[in-house]
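Structure assessment
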Amino acid sequence: MARWCASNGWPVHPLAPGRKIPAANCPSCRNEPHRPQDCPCVPAGRWCHGFHAATTNTALLDAWWGNKPAFGVGVSCGPAGLLVLDIDTHSAQVPDRNRLLPGIPIHESVNLAGLASGFDTLALLAALRGQQSPADDRSTLRVCTPSGGLHVWYRTPEQVPHYRSSVGSSPKVALAWQVDVRATGGYIVTPTTRTPAGTYTPVGTARFPALLPSWLAAELQRTGHRTDDQPEPLPSPRRAATRPATKRAHRLLEPLLAQVEACAAAVEGTAFTEKLNRASYTAGGLIAGGHLTESQARDLLTAAADAARPHRHRHSLAVITSALSAGSSRPLHLEGRP
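Here goes a summary of the coordinates provided. (Residues numbered from 1 in each chain as written. Predicted model: local features only at pLDDT ≥ 70, side-chain atom pairs only at ≥ 80, totals over all residues. Heavy atoms only, no water.)

In this section: the pattern of salt bridges. Inspection of the entire model under this criterion finds eight salt bridges. One network of salt bridges, in which partners are shared, links Arg 3, Asp 62 and Glu 274. (Salt bridge = Lys/Arg side-chain N within 4 Å of Asp/Glu carboxyl O.)

See below:
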């Protein structure tokens, strides 16, 4: 599952075996609190700090799950361009009717008898807008959770920079009571992940996220979920002083870029993501070794990716960013190479 997600451009990270929380940090990270952005573990290819360590780098994925095959799989939603509605069925006291749908007063004439979960509040929101509830959206990936809830996966529009995560009980930013939003700053458990309570199981036939419906995007904007803030940059290891790109660096990178561009000859079956991942990982090492600037690398990689898959720009950016970060933990030293 980790490799399948990575092939779709969705950065993944390990979950603790049999649980839905990230795998434990290393002893140093547990004992010395610090910001993930300042931690050397993530750029060094370790899984500390949960979704902050998420990657599409297949070498790291093979190492992580090869070492711990019982790990579950989590997807970092923001970098993946995903927004997931986490519909809960928790046993909790139903709040006042004017707190069920933040910002929408519900008239006393509306009969709320039997309302008890996120399924009900989401259906109410959809009905008020004359739309189908996302819980019944057969066009997109839906995953039944062991607790009886439902995860509804959507792709976010490329022109919208970011959506923020929220919990349905929040008094500040929330979509509906008992409906959490997993987006930037959050992660989601993948289908087939197992816990003692059961397995996360796809519902229906859809296996990929559909584009976020426009009416739902409008509701997310109304409730303060849309943000144009840029995420904090991925942490980077200490790098050598960068000098202009060398001919040796270009000679090393050009064949890998050519393999990416050659994927334009077919729409599928070309291992496009793996080839882009390999080129980006190598570029990360060249950056760390001081042979290439990050802007030069991104320009070269993006141009090659867009030439092969112009309709998958967001996917390509996610792969490039993740692999550059992973590759920068292993500087390439070209001295002595022709």
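After that view, the rundown keeps rolling.
Side chains of Met 1, Trp 4 and Phe 208 sit close together on the surface and give an oily, nonpolar patch of about 280 Å² of accessible area. Inspection of the secondary structure puts Trp 4 in helix α1 (residues 2-7). (Patch = residues over 30% accessible without salt bridge, like charges linked within 9 Å, V, L, I, M, F, W, Y side chains within 5 Å. Areas by Shrake-Rupley, 256 points an atom, 1.4 Å probe, with all protein chains shown as cover. Helix = DSSP H or I, 4+ residues; strand = E, 2+ residues; numbered from the N terminus.)

Glancing now at the sheet that holds strand β2 (residues 72-76). Strand order in the open sheet formed by three strands is β1-β2-β8, and the pairing between neighbours is antiparallel. What marks the edges here is a single partner per strand, and that holds for β1 (12-15) and β8 (187-189). In this sheet, neighbouring strand axes are inclined to one another by 35° on average, regardless of whether the strands run parallel or antiparallel. Alignment of β2 against β8, held across three bridges, turns out to be antiparallel. Note on β8: the bridge partner recorded for Val 75 is Ile 188. (Pairing = 2+ DSSP bridges. Axes fitted to C-alpha atoms, helices over the stretch in contact; angles between N-to-C directions.)

Secondary-structure assignment places Glu 294 in helix α9 (residues 294-308). The class of Glu 294 is partly exposed, set by a relative accessible area of 35%. In this structure the C-alpha to C-alpha distance between Glu 294 and Leu 324, which are 30 residues apart in sequence, comes to 8.7 Å. (Buried < 20%, exposed > 50% of the residue type's maximum accessible area, 1.4 Å probe, protein only.)

This next bit is on the packing of aromatic side chains. All chains considered together, the criterion is met by seven aromatic pairs. Arranged with centres 5.0 Å apart and planes meeting at 85°, the rings of Trp 47 and Phe 71 form a pair that is edge-to-face. Placement of the pair is Trp 47 in the loop between α2 (27-31) and α3 (58-67) and Phe 71 in the loop between α3 and β2, with a sequence separation of 24 residues. (Phe/Tyr/Trp six-rings, centres within 6.5 Å; stacked < 30°, edge-to-face > 60°.)

We now examine α3. By the burial criterion, the buried members of α3 are Thr 58, Leu 60, Leu 61, Trp 64 and Trp 65. Looking straight down α3, one finds its buried side chains confined to an arc of 155°; they lie on one side. Against α1, β1, β2, α8 (272-288) and α10 (313-327) lie the buried residues of α3. The opening residue of α3 is Asn 57, an N-cap whose side-chain oxygen sits 3.1 Å from the backbone nitrogen of Ala 59. (Arc of directions from axis to C-beta. Contact = heavy atoms within 4.5 Å. Polar contact = N/O pair within 3.5 Å; in protein donor to acceptor, adjacent residues only side chain to side chain.)

Another aspect to go through is the packing of α9 against α10. When two helices pack together, their arrangement is given by the angle between the helix axes and the distance between those axes. Contact geometry of α9 with α10 gives a least axis separation of 10 Å together with a crossing angle of 145°. The hand of the α9/α10 crossing is right-handed. In this structure, α9 uses Ala 297, Arg 298, Leu 301, Thr 302, Ala 305 and Asp 306 to contact α10, whose residues at the interface are His 313, Ser 316, Leu 317, Ile 320, Thr 321 and Leu 324. Of the residues assigned to the contact of α9 with α10, the class counts are six nonpolar, four polar and two charged. (Left-handed = near helix turned anticlockwise from the far one by under 90°. Nonpolar A, V, L, I, M, F, W, Y, C, P; charged D, E, K, R; others polar.)

Approximately 400 Å³ is the volume found for the second largest pocket. Forming the boundary of the second largest pocket are 18 residues, of which Asn 8, Trp 10, Arg 155, Arg 312 and His 315 lie nearest the centre. At three residues, the largest contribution of residues to the lining of the second largest pocket is made by α10. The residue makeup of the lining of the second largest pocket, split by class, is seven nonpolar, seven polar and four charged. (1 Å grid on protein atoms, 1.4 Å probe; cavity = no way out; pocket = protein on both sides within 12 Å on 5 of 7 lines; lining within 4 Å. Points joined across faces, edges and corners; volume = space filled by probe spheres on them.)

Moving on, we come to the environment of Val 319. Within the element layout of this structure, Val 319 appears in helix α10. On the basis of relative accessible area, Val 319 is assigned to the buried category, the value being 0%. Along the chain, Val 319 and Ala 127 lie 192 residues apart, while their C-alpha atoms are 38 Å from each other. Discounting residues that sit within four places of it in the chain, Val 319 has contacts with Gly 9, Thr 56, Thr 273, Leu 276 and Asn 277.

Before going further, it helps to spend a moment on unusual backbone geometry. The phi torsion at His 49 lies on the positive side, around 70°, for a residue other than glycine. Take His 49: it is sitting in the loop between α2 and α3. A positive phi is found at Thr 192, a non-glycine position, where the angle reads about 80°. Its place among the elements puts Thr 192 in the loop between β8 and β9 (194-195).

Among the nonpolar cores identified, the biggest contains 30 residues, and Leu 83, Leu 85, Leu 175, Leu 212, Leu 216 and Leu 220 are the most heavily contacted of them. Put simply, the parts of the chain that give this core at least two residues each are β3 (82-87), α5 (118-128), β5 (150-155), β7 (179-182) and α6 (214-222). In this structure Leu 83 touches Val 152, Trp 153, Tyr 154, Thr 156, Tyr 163, Val 181, Arg 182, Ala 183, Leu 212 and Leu 220, once residues within four positions along its chain are discounted. In this structure, Leu 15, Ala 53, Val 84 and Val 189 belong to the second largest nonpolar core, which totals 29 residues. (Core = buried A, V, L, I, M, F, W, Y, C linked by side-chain atoms within 4.5 Å.)

Once that is clear, we can look at the pairing of β3. Regular strands have side chains that alternate between both faces of the sheet. Counted residue by residue, β3 has six buried out of six residues, so it is predominantly covered. What you see with β3 is no split at all: Leu 82, Val 84 and Asp 86 on one side and Leu 83, Leu 85 and Ile 87 on the other are buried throughout. Note: β3 against β5, six bridges, orientation antiparallel. Counterpart to Leu 82 in the pairing with β5 is Arg 155. Examined bridge by bridge, β3 and β7 share four bridges and lie antiparallel to one another. Along β7, the bridge assignment pairs Ile 87 with Val 179.

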